[in-house]
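Coordinate inspection notes
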Amino acid sequence: MTVQVLLFGKLCDVAGWRARAVSPAPASLNALRLVLGKEDQALAAALAGPGISAVLNREIVRGDAPLAANDEVAFLPPMSGG
Amino acid sequence: MIRLTDQAFEPGAELTAFARGRSETGAIASFLGLARGDAGAATALELEAYPEFTVAEIGKFVATATTRFELYDARVIHRIGAIAPGEPVVMVLTAAAHRREAFEACDCLMDYLKSRAPLWKKEHGPAGPRWVDPTTRDLADAARWD
């Protein structure tokens, strides 16, 4: 029972990792945020910052959502292409 | 068609290929974005994507723009990875019956790519690396089309 977590952009630099499995799988996105933040206060602050989006299994999620085993969660900072 | 690539691309060849074999298209607009050196302040750009998600999200926006501007076709080519000053970063091509729709769609797509597409840009220079956030202007530009 794990969820795969991906970080992009400046969030990777804050956390010092790009991808990791979190086990056991937290029950929800908010629970996952708490688990990650408990281990790393800087990441907790970054994830709570303005313009951070969450993506669950390649779909953008607003607010909270339940998680299941083998879900993929990505946290995205403000975007800037072009 | 949306293409992310870590290889340099040749803009002229892309435009030629896009324009080929069209009998109903009266107008093609193109935009080419290059990596700026900023007088030595930027020695390289680094573009990051969430590859499948990024392509899917840009594809959704292109589909919306295609309907909105009555396009016949659109293409987005975006570099990822390390990019040197002077190299193409992004190319947008739009095909429509008439120029106004092609121009506006190209403008709209670029505004989307600058601040709403899942891409992240890091600038490297003598002062060290820094993540580039969308500017107030970028955000206002994108909001023009809401």
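Our subject in this report is the structure included herewith.

Quick look at the pattern of salt bridges
Residue and element names in this part refer to chain B.
- Within the structure shown, the criterion is met by 17 salt bridges over all chains.
- The closest approach of N and O atoms between Asp-38 and Arg-36, which form a salt bridge, is 2.8 Å.
- Look at Asp-38 and you get partly exposed, because its relative accessible area is 33%.
- Residue Arg-36 is classed as exposed on the basis of its relative accessible area, which comes to 61%.
- A salt bridge links Glu-87 to Arg-79, with the shortest nitrogen-to-oxygen separation between them at 3.0 Å.

A word on the interface of chain B and chain A
- With 26 residues of chain B in contact, the opposing surface of chain A contributes 21 residues.
- Of the roughly 1,800 Å² buried between chain B and chain A on both sides combined, carbon and sulfur atoms contribute 54%.
- If you sort the residues of chain B by the area they bury against chain A, Tyr-50, Phe-53 and Trp-120 of chain B come out on top, with a joint share of 37%.
- Across the chain B-chain A interface, the total number found is five salt bridges.
- Across the salt bridge formed by Asp-133 of chain B and Lys-10 of chain A, the nearest N and O atoms sit 3.0 Å from each other.
- Where the side of chain B that touches chain A is concerned, the elements lending two or more residues are strand E3 (44-49), helix H2 (51-68), strand E6 (88-96), helix H3 (99-115), strand E7 (119-124) and strand E8 (130-132) of chain B.

A look at unusual backbone geometry
All names here are of chain A.
- In this structure, the amide linkage connecting Ser-23 to the following residue, Pro-24, adopts the cis form with an omega of -5°.
- With respect to the secondary-structure elements, Pro-24 resides in the loop between strand E2 (19-22) and helix H2 (29-39).
- A positive phi angle, near 50°, is found at Asn-57, a position not held by glycine.
- Summarising the element assignment, Asn-57 is placed in the loop between strand E3 (53-56) and strand E4 (59-61).

What about the packing of aromatic side chains?
- In total, this model carries five aromatic pairs over all chains according to the counting rule given.
- Note on Phe-61 of chain B and Tyr-112 of chain B: the rings are 4.0 Å apart at their centroids and 5° apart in plane angle, and the pair reads as stacked. Of this pair, Phe-61 of chain B sits in helix H2 while Tyr-112 of chain B sits in helix H3, and the two are 51 residues apart along the sequence.
- On the basis of relative accessible area, Phe-61 of chain B is assigned to the partly exposed category, the value being 23%.
- Aromatic rings pair up to connect Phe-8 of chain A together with Tyr-50, Phe-53 and Trp-120 of chain B into one cluster.
- A cation over an aromatic ring shows up here: Arg-20 of chain A above the ring of Trp-17 of chain A, its NZ or CZ 5.5 Å from the ring centre.
- Here the guanidinium or amino end of Arg-22 of chain B rests over the ring plane of Phe-18 of chain B, the centre of that ring lying 4.4 Å away.

Each value, and the rule that gives it
Residues numbered from 1 in each chain as written. Chains lettered and ligands numbered in written order. Predicted model: local features only at pLDDT ≥ 70, side-chain atom pairs only at ≥ 80, totals over all residues. Heavy atoms only, no water. Salt bridge = Lys/Arg side-chain N within 4 Å of Asp/Glu carboxyl O. Buried < 20%, exposed > 50% of the residue type's maximum accessible area, 1.4 Å probe, protein only. Contact = heavy atoms within 4.5 Å. Buried area = accessible area lost by both parts, 1.4 Å probe. Helix = DSSP H or I, 4+ residues; strand = E, 2+ residues; numbered from the N terminus. Phe/Tyr/Trp six-rings, centres within 6.5 Å; stacked < 30°, edge-to-face > 60°. Lys NZ or Arg CZ within 6 Å of the ring centre and 35° of its normal.

Everything listed is a geometric property; what it means functionally is a separate question.
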